[in-house]
Structure formats: C-alpha cells, structure tokens
Amino acid sequence: MSVKRTPLVAGNWKMYKTIAEARQLVPDLVQGLSKVGGVEKVICPPFTSLMAVKALLEGTDIKLGAQNLYWEKEGAFTGEISPKMIAELCQFVILGHSERRTYFGETDETVNRKVRAALEVGLIPIVCIGETLAENEEGKTQSVIHRQVQAGLSGIQLQPDNSGDVPLVIAYEPVWAIGTGKAATGEFANRVVQEMIRPTLSMLFGDQVAKSVRVLYGGSVKANNAAEFFDQSDIDGALVGGASLKAEEFIGIVKAAAESLE
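Let me sum up the structure you'll find in this document. (Residues numbered from 1 in each chain as written. Predicted model: local features only at pLDDT ≥ 70, side-chain atom pairs only at ≥ 80, totals over all residues. Heavy atoms only, no water.)

1. Side note on the layout of surface pockets
Heads up, the rule is: Buriedness of a pocket was judged along seven lines, with at least five required to meet protein on both sides within 12 Å; pockets are open sets of points on a 1 Å grid over the protein atoms alone, cavities are sets where a 1.4 Å probe fits but cannot get out, and lining residues have an atom within 4 Å of a point. Grid points are joined across faces, edges and corners, and a volume is the space filled by probe spheres set on the points. Under the DSSP-based scheme used, a helix requires at least four consecutive residues in state H or I and a strand at least two consecutive residues in state E, with every element numbered from the N terminus. Think of it as three bins: nonpolar holds Ala, Val, Leu, Ile, Met, Phe, Trp, Tyr, Cys and Pro, charged holds Asp, Glu, Lys and Arg, and polar takes everything else, Gly as well.
Considering only enclosed or pocket space, the largest pocket measures out at about 840 Å³ in volume. Considering the residues around the largest pocket, the lining is formed by 33 residues, among which Asn12, Lys14, Met15, Gln67 and Glu99 are closest to the centre. A total of 4 residues in the lining of the largest pocket trace back to one element, the largest contributor, which is helix α4 (residues 98–104). Of the residues assigned to the lining of the largest pocket, the class counts are 17 nonpolar, 10 polar and 6 charged.

2. Points about the pairing of strand β2 (residues 40–44)
Rule in force here: Only protein chains enter the accessibility calculation, which uses a 1.4 Å probe. A residue is then buried if its area is under 20% of the maximum for its type, exposed if over 50%, and partly exposed in between. Whether two strands pair comes down to DSSP finding at least two bridges between them. By the criterion used throughout, a crossover qualifies as right-handed when its path from the first strand across the helix to the second strand runs clockwise, the strands pointing away from the viewer.
The buried count for β2 comes to 5 of 5 residues, which makes it a mostly enclosed element. Relative to β2, strand β1 (residues 8–12) is paired through 5 bridges, and the arrangement is parallel. Bridge pairing in β2 places Leu8 opposite Glu40. Handedness of the β-α-β unit built from β1, helix α1 (residues 19–33) and β2 comes out right-handed. As judged from the 3 bridges shared by β2 and strand β3 (residues 62–66), these two strands associate in the parallel manner. Looking at the pairing, Ile43 lines up with Leu64 of β3. Crossover handedness for the path β2 to helix α2 (residues 50–57) to β3: right-handed.

Quick look at the structure:
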C-alpha cells in the first residue's frame with residue numbers, strides 16, 4: 001500500500017543571525033514562500049530569535065522550530081531550555097544534530113531522552129542521524145544508522161496523525177557532507193533511507209508507521225541540487241543548513257520540493 005507523505009523543508013540557522021538580522025531575512029522568506037504550496041516549511045533560528053521570528057511568521061503557513069532542548073521539565077539547570085518553554089513558541093525541534101553529538105557529547109541515549117520529552121509536550125522532533133566519513137569508508141553505514149535509529153527512538157509510541165504523517169521526522173545527514181560542499185548522491189541517500197532507515201523503523205513500530213515517517217536529507221543541499229534528492233522515492237524533503245541563511249536559496253529549495261509533487 002502506497003503512503004502519501006507531505007514534503008517538509010526545514011532551515012537550520014545554526015549559530016547565525018542576530019535578532020536584527022533575522023528581522024531582515026524573515027520578511028523575504030515569507031514573501032517568497034507564500035506562493036509555494038504543498039510543502040511544510042519550517043524555520044529553526046537560534047533561541048534568541050525565536051520570539052521575534054514567531055511574530056514575523058504570524059498569519060503565514062511557515063512553522064517555527066528550535067535547534068535543541070533539555071529533557072527536564074524545569075529545575076536548576078543553568079543555561080538549558082525545557083520542552084515546555086520551546087512548546088510555547090515552536091511546533092518543531094531539531095534533536096541529535098551531528099554538531100551536538102560531536103562538540104557537546106550528545107549520545108543516542110541523551111537524544112532518546114530529548115525525543116521523549118519533546119513528544120510529551122506535543123513538539124515534533126526532527127531527529128538527526130548519520131555516519132562519519134571514517135564509518136562510511138569502513139562500510140559501517142548500516143550498523144551506525146541502525147544503532148542511532150533504534151537507540152534514539154527506543155521506548156516511544158508513534159501513530160500517524162489526521163493528515164497521515166507521523167509526528168516525528170528523521171533527518172539523514174551523513175556527517176561527511178555537512179558544511180563541506182560534498183553532498184551525497186540522491187541515489188545513495190535514497191538507498192540508505194529505503195534499505196536501512198525504514199526497515200529499522202518497521203522493526204520498532206511496524207510497516208505502517210515506517211512508511212509514514214518523513215525522512216529528510218541534509219548535507220550541502222542547495223537550490224541547484226535539491227531536485228536530485230526530492231525526486232527519490234523515499235526522501236521527503238531536506239534539513240538545510242547554510243543555504244537557509246539566504247532567502248533566494250531557501251525559497252529555491254522549497255520550490256524544488258513542490259515541483260517534485262507534480
């Protein structure tokens with residue numbers, strides 16, 4: 001049975017854009033994206049800009065996402081942001097990004113705690129997975145992907161919502177392609193999704209959920225190569241880094257996602 005999944009394109013601003021700079025960029029994004037339908041659009045600015053960007057997105061169909069959260073509801077955790085604080089502003093949250101794993105010691109287990117906490121407050125997690133260059137060259141891609149999906153999503157319950165989409169998104173981001181200008185090929189990324197990610201999801205949640213979860217590609221996605229990924233059978237959009245900081249580029253990527261539906 002074929003399952004129709006709504007394409008999703010999310011822009012991860014990382015540690016870029018002050019509030020003033022966000023206020024310059026977002027109106028251009030709103031103007032360009034207002035004409036593009038059929039695709040779920042998400043902007044994920046730094047914590048400091050969330051309130052300003054939320055105000056600028058009022059009345060549009062563009063969703064807001066955060067780049068991280070801490071799993072505790074509240075407490076003496078100086079510098080951290082709780083799930084309910086994020087849920088006041090956002091619909092989405094990026095979890096387990098390779099930069100969080102590499103620079104801040106996040107593990108599959110801590111990612112799992114964050115995913116559970118996000119789901120409890122109604123946030124949709126965008127859970128990042130992906131292998132390093134060394135793991136890829138040593139033929140460990142499958143074992144790494146299987147481990148990250150299984151451990152990161154352990155113990156949670158998933159069901160399709162009224163639209164048929166599952167309220168959790170996977171972003172496959174091969175670490176060797178992030179910020180390097182060296183994107184994986186669409187065919188390679190699709191094979192990872194089709195032969196590694198969805199079978200692991202099926203083992204955890206059953207075939208229906210595995211077919212309904214949206215899986216994005218991330219890693220040097222630009223307007224001029226996005227169609228290569230969106231034309232693949234099992235890739236449902238993109239988690240965009242550097243290109244999301246330029247209105248023309250991000251709008252071009254979203255347009256490519258919309259064109260893939262035609």
